[in-house]
Amino acid sequence: VAAGLVDQQGRVSQCLVFKTSKNNLADQLTGIILNFKGIIKVGIGLPGQINSAGEVIHLVNIPKFRQINLQKLLERRTNKKIFLENDAKCFAYAEAIKGAGRKYSNVAGLILGTGVGVGLVQGKRIYRGADGLAGEFGQFPMLDGKTLEKHVKSAGRFSNASEAQKYFNENR
């Protein structure tokens, strides 16, 4: 879990990083939010399926996580306005509004990490699709029958883009 304060101009301060709780993420997030003083709104990006009502349907990296309306739970516990979204969608939106995609109305952002996520932004608005799964390409089967996510995981870690390019050129 990475947390930080962001002001109205998009400047980040007080960055903190914590090991993600595999047993009680809701308690961990509540504690982090309450420890930041003077905040009005909270934005949270999570790697998994989240619907527009703030319900977390599935978290990729926390198999024991049960479906819950995490947005309402955190709002009740912290008395703050909570915005909850898939992390890849948050990444793409940030790039579309403040980053490299700000000159474009439609932006796609790709995350290759413990999984594969793609955020889609159309007309400067996050595109979720009917069930919140728009951009979740990691589970698509490739021509060899493996999913894209399995290919990414089997490739291992790269320290830079040149290493990744070399791997993909050798494994076409």
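Here the structure is shown first, and the text comes after it.
In this report, the structure presented in the accompanying data block is examined. (Residues numbered from 1 in each chain as written. Predicted model: local features only at pLDDT ≥ 70, side-chain atom pairs only at ≥ 80, totals over all residues. Heavy atoms only, no water.)

**Let's talk about helix 3 (residues 87-97)**
Selection rule: Under the scheme applied here, a residue whose accessible area is under 20% of the maximum for its type counts as buried, over 50% as exposed, and between as partly exposed, the area being computed with a 1.4 Å probe on protein chains only. Under the DSSP-based scheme used, a helix requires at least four consecutive residues in state H or I and a strand at least two consecutive residues in state E, with every element numbered from the N terminus. Note that the arc is defined by the directions from the helix axis to the C-beta atoms. Whether two residues touch is decided by their heavy atoms; if any such pair falls within 4.5 Å, the residues are in contact. What qualifies as a polar contact is a pair of N or O atoms within 3.5 Å, subject to a donor-acceptor requirement within protein and to the restriction that residues adjacent in sequence count only when both atoms come from side chains.
Those residues of helix 3 that sit buried are Ala88, Lys89, Ala92 and Ala96. Projected down its long axis, helix 3 shows its buried positions confined to an angular sector of 100 degrees, all on one face. On the buried face of helix 3, the contacting elements are strand 7 (81-86), strand 8 (106-112), strand 9 (116-122) and strand 10 (125-127). If you check the start of helix 3, you find a side-chain oxygen 2.9 Å away from the backbone N of Ala88, and it comes from Asn86.

**What to know about the nonpolar core**
Selection rule: Among the buried residues, those of types Ala, Val, Leu, Ile, Met, Phe, Trp, Tyr and Cys that are joined through side-chain atoms within 4.5 Å form a nonpolar core.
Ile44, Leu46, Val56 and Leu70 are the most contacted members of the largest nonpolar core, which totals 22 residues. Mapped onto this core, the elements with two or more residues apiece are strand 1 (2-6), helix 1 (25-35), strand 3 (41-46), strand 5 (55-59), helix 2 (70-78) and strand 7. Among the elements that take part in this core, helix 1 stands out by supplying 5 residues, more than any other. Those residues in contact with Leu46 that lie beyond four places of it in its chain are Leu25, Val56, Leu59, Leu70, Leu84, Glu85, Asn86 and Asp87.

**Some points on the layout of surface pockets**
For clarity, the threshold we go by: In this analysis, the protein atoms alone were mapped onto a 1 Å grid. Cavities are point sets where a 1.4 Å probe fits without being able to get out; pockets are open sets with protein on both sides within 12 Å along at least five of seven lines; lining residues have an atom within 4 Å of a point. Grid points are joined across faces, edges and corners, and a volume is the space filled by probe spheres set on the points. Amino acid classes used here: Ala, Val, Leu, Ile, Met, Phe, Trp, Tyr, Cys and Pro are nonpolar; Asp, Glu, Lys and Arg are charged; the rest, including Gly, are polar.
Here the second largest pocket defines a volume of roughly 370 Å³. Looking at the second largest pocket, it is lined by 20 residues, and the ones nearest its centre are Pro47, Val60, Val116, Glu136 and Glu149. Listed by contribution, the elements that provide at least two residues to the lining of the second largest pocket are strand 4 (48-50), helix 3 and strand 9. Residues belonging to the lining of the second largest pocket are distributed by class as follows: 6 nonpolar, 11 polar and 3 charged.

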